[in-house]
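Remarks on the overall topology
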Amino acid sequence: MRLLTHNYMQSTVKGTERGYPLKIEATKIEFEASPFDAEFIQALLPKIDYTTLLFALKQISENGNADLAQTIIPELPESIKEDGEGEVDEALLKKLHTVMFDIHVVEGELVCPDTGRRFNIKMGIPNMILHADEL
Amino acid sequence: MEHHSEISHNRYNVLIEFAHIHLEFQRPELESVLSLHDIAIGRDCIEVPLPSSIPTVENYRPFLILSFDYHYAKEKFNLDDDGYVIQSDMSRFSKIDRTKPTIASVLSRCTLIRSAIELWGAGPSFDSCVEHARQLSSGCAGRITLENCMKLSSSWKITIHTLGTKFNREEQNDMRMKFAFFNLPGKVQMVNPTNEFLLIREVELDPKGTPLSQERDNFLSPPLAVYYGRVLGGIRDWRGNGRLDQFSLKKRSYLGPTSMDAELSLIMTNLGLVRNGSFCFDPFVGTGSILLTCGLRGGYCVGTDIDIRVLRGRSDEENVLSNFKQFRLNRPDLIRSDNALYHRHYRMNKPIYDVIVTDPPYGIRAGARKSGTKEEKIRAIPEDRRHDHIAQTKVYPVSDVMGDLLDVSARTLVMGGRLVYIIPSMRDFDVEKDLPNHECLEIAHVCYQPLQTELGRRVVVMKKVKEYDPSLRESYLSSVWINGPESAEKCANIRERLLEAAKLKPGYEEKAAYRKKRRQITREEKKKQRAKHV
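Quantities reported herein were computed from a predicted structural model and do not represent experimental measurements.

1. Considering the overall build of chain B
Across its full length, chain B carries 19 helices and 18 strands. Scored against the burial criterion, the 534 residues of chain B give a buried share of 52%. Put simply, of all contacts in chain B between residues at least 6 apart along the chain, 76% involve residues at least 24 apart. Carbon and sulfur atoms make up 50% of the accessible area of chain B, which totals about 26200 Å².

2. Section: the overall build of chain A
Per the secondary structure count, chain A includes 5 helices and 4 strands. Each helix and strand of chain A, placed in order from N terminus to C terminus, yields the pattern α-β-α-α-α-α-β-β-β. For 135 residues, the compact-globule estimate of 2.2 N^0.38 gives 14 Å, and the C-alpha radius of gyration of chain A, at 16 Å, lies within 12% of that figure. Along the three orthogonal principal directions, the C-alpha set of chain A runs to about 50 × 30 × 20 Å. By the burial criterion, 56% of the 135 residues in chain A qualify as buried. Excluding contacts between residues fewer than 6 apart, the proportion of contacts in chain A whose partners are at least 24 apart in sequence is 69%.

3. Quick notes on the interface of chain B and chain A
Counting from both sides, the interface comprises 45 residues of chain B and, opposite them, 43 residues of chain A. Taking both partners together, chain B and chain A bury about 3900 Å²; carbon and sulfur atoms supply 53% of that area. Contact with chain A buries area across many residues of chain B, yet Arg331, Arg344 and Arg347 of chain B alone supply 20% of it, more than any other trio. Counting across the chain B and chain A interface gives 4 salt bridges. Note that Asp333 of chain B and Arg2 of chain A form a salt bridge whose closest N and O atoms lie 3.2 Å from each other. On inspection of chain B and its partner chain A, the count reaches 20 residue pairs in polar contact (both at pLDDT 80 or more). Listing elements by their share of the side of chain B that touches chain A, those giving two or more residues are β11 (300-305), α11 (308-312), β12 (333-336) and α13 (342-345) of chain B.

4. Section: the pairing of strand β2 (residues 103-111) of chain A
Residue and element names in this part refer to chain A. Most of β2 sits inside the fold, with 8 of its 9 residues counted as buried. In the sheet, strand β1 (residues 23-31) pairs with β2 via 8 bridges, with the strands oriented antiparallel. In the strand pairing of β2, Ile24 is matched with Leu110. As defined by bridge partners, β2 adjoins strand β3 (residues 118-122) across 4 bridges and the pair is classed as antiparallel. In the strand pairing of β3, Leu110 is matched with Phe119.

5. Points about a positive patch on the surface
A grouping of Lys511, Arg515, Lys516, Arg519, Arg523, Lys526, Lys527 and Arg530 of chain B is seen on the molecular surface, where their side chains present a positively charged patch. With respect to the helices and strands, the residue Lys511 of chain B is situated in helix α19 (residues 508-533).

6. A closer look at a negative patch on the surface
Residues and elements named next belong to chain A. Judged by side-chain charge, Glu39, Glu82, Asp83, Glu85, Glu87 and Asp89 come together as a negatively charged surface patch. Topologically, Glu87 is positioned in the loop between α4 (66-72) and α5 (90-102). Take Glu87: its relative accessible area is 45%, and that puts it in the partly exposed class.

7. Description of the nonpolar core
Formed by 104 residues in total, the largest nonpolar core has its most connected members in Leu96 of chain A together with Phe279, Tyr353 and Tyr421 of chain B. When residues in this core are grouped by element, the largest group, 7 residues, is from helix α15 (residues 398-412) of chain B. Leaving out residues up to four positions away in the same chain, Tyr421 of chain B has contacts with Met268, Thr358, Pro360, Met402, Leu405, Leu406, Leu435, Pro436, Arg458, Val459, Val460 and Met462 of chain B. Residues Val33, Leu34, Cys45 and Ala116 of chain B belong to the second largest nonpolar core, which totals 25 residues.

8. Details of the sheet that holds strand β9 (residues 225-231) of chain B
Residues and elements named next belong to chain B. Taken in spatial order, the 7 strands of this open sheet run β2-β3-β1-β4-β9-β6-β5, and their pairing is mixed. Only two strands of the sheet have a single neighbouring strand rather than two, namely β2 (46-48) and β5 (156-162). Ignoring which end each strand starts from, the neighbouring axes of this sheet average 35° apart. Alignment of strand β6 (residues 195-202) against β9, held across 6 bridges, turns out to be antiparallel. From the neighbouring strand, Phe197 faces β9, where its bridge partner is Arg230.

9. Things to note about the sheet that holds β2 of chain A
Across a sheet, paired strands are connected by hydrogen bonds in the backbone, their directions being either parallel or antiparallel. Residues and elements named next belong to chain A. Spatial ordering of the open sheet is given by β1-β2-β3-β4, a layout of 4 strands whose pairing is antiparallel. Here the strands that pair on one side only, and so sit at the sheet edges, are β1 and β4 (125-126). Contacting β1 and β2, helix α3 (residues 50-63) runs over the sheet at an angle of about 70° to β1. Running over the sheet, α5 touches β1 and β2 and is turned about 60° from β2.

10. Notes on the pattern of salt bridges
In total, this model carries 22 salt bridges over all chains according to the counting rule given. Glu134 of chain A serves as the salt-bridge partner of Arg117 of chain A, at 2.7 Å between the closest nitrogen and oxygen. Here Glu134 of chain A lies in the segment after β4 and Arg117 of chain A lies in the loop between β2 and β3, a separation of 17 residues in the sequence. In terms of burial, Arg117 of chain A and Glu134 of chain A fall into one category: buried. A salt bridge links Arg27 of chain B to Glu47 of chain B; the shortest N-O distance between them is 2.5 Å. Remark: Glu47 of chain B occurs in strand β2 and Arg27 of chain B occurs in helix α1 (residues 23-36); sequence separation between them is 20 residues. Taking the relative accessible area as the measure of exposure, Arg27 of chain B reaches 31% and is therefore partly exposed. We classify Glu47 of chain B as partly exposed; its relative accessible area is 39%. Here the salt bridges share partners, and the residues they tie into one network are Lys28, Glu30 and Glu32 of chain A together with Arg331 of chain B.

11. Some thoughts on the environment of Ser425 of chain B
Mapping Ser425 of chain B onto the fold places it in strand β16 (residues 413-426). Residues Ser425 of chain B and Leu136 of chain B, spaced 289 residues apart in sequence, show a C-alpha to C-alpha distance of 48 Å.

12. Some words on the environment of Ser35 of chain B
Turning to its location among the elements, Ser35 of chain B is positioned in helix α1. The spatial distance from the C-alpha of Ser35 of chain B to the C-alpha of Leu273 of chain B is 8.0 Å, given a sequence separation of 238 residues.

13. Topic: the pairing of strand β13 (residues 353-358) of chain B
Residues and elements named next belong to chain B. For β13, a buried count of 5 out of 6 residues is recorded, marking the element as mostly surrounded by other parts of the structure. By the bridge criterion, 2 bridges tie strand β10 (residues 279-282) to β13 in an arrangement that is parallel. Within β13, the position partnered with Phe281 by the bridge is Ile356. Pairing of β13 with β16, which is carried by 5 bridges, proceeds in the parallel orientation. Paired with Ile356 across the strands is Leu419, a residue of β16.

14. Side note on the packing of helix α9 (residues 262-271) of chain B against helix α10 (residues 289-296) of chain B
Residues and elements named next belong to chain B. Here α9 crosses α10 at 55°, and the two axes come no closer than 9 Å. Judged by the angle between their axes, α9 and α10 are oblique. For the pair α9 and α10, the crossing hand works out as right-handed. Contact residues: Ser265, Leu266, Met268 and Thr269 in α9; Ser289, Ile290, Thr293 and Cys294 in α10. Across the contact of α9 with α10, the residue classes tally to 4 nonpolar, 4 polar and no charged.

About the thresholds
- Residues numbered from 1 in each chain as written.
- Chains lettered and ligands numbered in written order.
- Predicted model: local features only at pLDDT ≥ 70, side-chain atom pairs only at ≥ 80, totals over all residues.
- Heavy atoms only, no water.
- Helix = DSSP H or I, 4+ residues; strand = E, 2+ residues; numbered from the N terminus.
- Buried < 20%, exposed > 50% of the residue type's maximum accessible area, 1.4 Å probe, protein only.
- Contact = heavy atoms within 4.5 Å.
- Areas by Shrake-Rupley, 256 points an atom, 1.4 Å probe, with all protein chains shown as cover.
- Rg over C-alpha atoms; globule rule 2.2 N^0.38 Å.
- Buried area = accessible area lost by both parts, 1.4 Å probe.
- Salt bridge = Lys/Arg side-chain N within 4 Å of Asp/Glu carboxyl O.
- Polar contact = N/O pair within 3.5 Å; in protein donor to acceptor, adjacent residues only side chain to side chain.
- Pairing = 2+ DSSP bridges.
- Patch = residues over 30% accessible without salt bridge, like charges linked within 9 Å, V, L, I, M, F, W, Y side chains within 5 Å.
- Lys, Arg positive; Asp, Glu negative; His and termini not counted.
- Charge placed at Lys NZ, Arg CZ, Asp CG, Glu CD.
- Core = buried A, V, L, I, M, F, W, Y, C linked by side-chain atoms within 4.5 Å.
- Axes fitted to C-alpha atoms, helices over the stretch in contact; angles between N-to-C directions.
- Parallel < 35°, antiparallel > 145°, perpendicular 65-115°, else oblique.
- Left-handed = near helix turned anticlockwise from the far one by under 90°.
- Nonpolar A, V, L, I, M, F, W, Y, C, P; charged D, E, K, R; others polar.

Dropping the structure here:
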């Protein structure tokens with residue numbers, strides 16, 4: 001599961017007031033570099049929730065594989081600054097790309113911030129299926 | 001001597017030859033691939049009628065002539081096709097060259113195109129083709145085209161393409177000599193010449209694509225048309241090789257009974273306009289065959305499915321992810337979720353997908369399921385067993401599968417983004433009324449692929465044309481089927497109708513008994529295997 005995907009996942013189990021964003025308890029993280037396209041990332045920015053991205057990154061850095069966190073995961077600023085033309089500095093775009101696309105949570109759990117309902121992640125695949133009584 | 005005066009040498013003309021399959025897909029695929037380069041037939045080039053020795057040809061002709069204004073072509077394409085071979089085997093299938101591409105590289109993305117030539121002469125007869133070719137340098141475009149071939153270092157050869165008729169070596173050479181007036185410098189080279197010229201003698205084909213008999217009373221029937229031109233793509237035989245290697249796709253490690261045949265998924269991703277950086281989504285990803293093609297075309301891939309077994313595959317070496325790895329693609333994001341509850345699982349503030357391309361479960365090979373239970377009373381699952389509990393699923397009527405698919409697409413596609421899906425069709429199918437609708441989506445193409453006499457499938461391409469209003473979801477869903485349940489019936493009950501149709505055919509009983517026996521054998525084999533490993 002990439003952090004980009006996590007950005008729009010939520011829990012709407014019956015009775016949940018606010019099931020977003022989901023907490024990430026990762027037990028295994030992998031890194032896989034992918035081709036960077038500045039234009040693509042720039043176009044993607046308005047569509048993601050940046051606060052959630054920062055939140056997810058913090059979760060990963062705290063409890064993921066410590067070595068991985070140190071060497072590869074970049075730091076992101078509190079907010080994104082655009083220049084006069086609404087463009088973001090390329091170095092920052094690269095970091096954003098790495099955070100959104102290259103970090104994979106392979107094993108772990110997503111946890112609802114409200115009810116604590118856990119969704120497991122195995123082989124990088126989160127299981128979001130709700131049980132009949134949760135619909 | 002007749003001239004086909006509509007093919008003007010003042011313009012740059014390209015003859016396209018299609019393969020004789022998936023007839024309904026050919027033009028939509030070509031139009032889609034051209035639109036990736038912002039080329040529209042009618043606006044940026046025109047389609048010229050084919051020359052013909054017969055006034056009305058009923059059968060399909062696998063040729064198309066596109067005519068470009070020369071200056072437009074010069075600006076848009078790299079016409080100095082020096083025939084360099086594109087090295088990397090995968091990148092040529094995905095990269096849209098933002099600088100000037102060659103025409104060959106643009107067209108080679110079309111699965112259904114066999115060849116394309118720079119047209120130097122064409123006519124309803126051999127002689128008229130030769131005569132038309134003689135006029136080449138009289139046009140401003142033709143003159144430059146010819147000059148480009150006058151490079152001293154160029155080697156060349158002429159290949160003759162005659163369908164349904166055999167000509168001996170002498171006859172073939174005679175044909176070649178008729179074009180000797182071009183006086184091309186450089187030597188004739190049979191293997192890998194700089195320029196290959198193609199002389200095509202078109203004959204009428206029957207509906208299956210076989211040439212109609214060419215001999216009548218010992219006389220050879222005249223051709224339907226004759227074309228002469230330079231093969232685009234230069235040195236290597238681009239014909240067929242520019243296409244994504246379907247055979248390597250067939251070798252992928254993880255295949256299931258519902259895996260899309262390689263060719264169709266290639267066509268679907270073209271119809272969806274998948275390109276480098278396209279955000280692609282398959283809500284019924286299954287074994288991931290379509291998603292894989294999106295990945296090969298440079299898309300960023302997301303797939304969901306309700307069936308965890310399909311997602312996880314048979315083993316670590318045989319699953320959706322291993323297929324992507326095999327082709328050295330970045331892994332797709334896979335999520336186990338229920339498309340009927342998309343809006344429950346995902347919070348989408350802004351539409352995010354460029355392309356949604358999928359083969360929905362329609363009850364023929366894989367039954368569709370959604371969350372929920374058949375039981376009246378819903379029991380809560382005890383806390384300690386929740387984690388591993390496989391949630392019960394119930395059957396998901398095909399009419400709802402389609403309704404939800406359109407609604408999710410309307411909600412999550414960017415404006416102008418495309419939905420490409422397959423819907424099974426029996427013969428009694430009204431394209432106007434029996435396809436699902438959505439206020440936010442407009443139909444761009446519908447292509448029919450016959451599978452059996454009774455059953456075929458249609459690939460439907462829709463475009464998002466209107467912004468989605470979440471408060472109108474119920475209203476959107478209730479208007480999906482114009483003819484109400486009747487239309488949904490048509491694709492929903494395909495399985496039963498297929499079975500009924502099959503039962504009426506001779507040999508059905510035997511075939512069914514045979515299949516049952518085979519299944520039994522397989523089950524027993526598996527039991528033995530498992531017993532061994534214990």
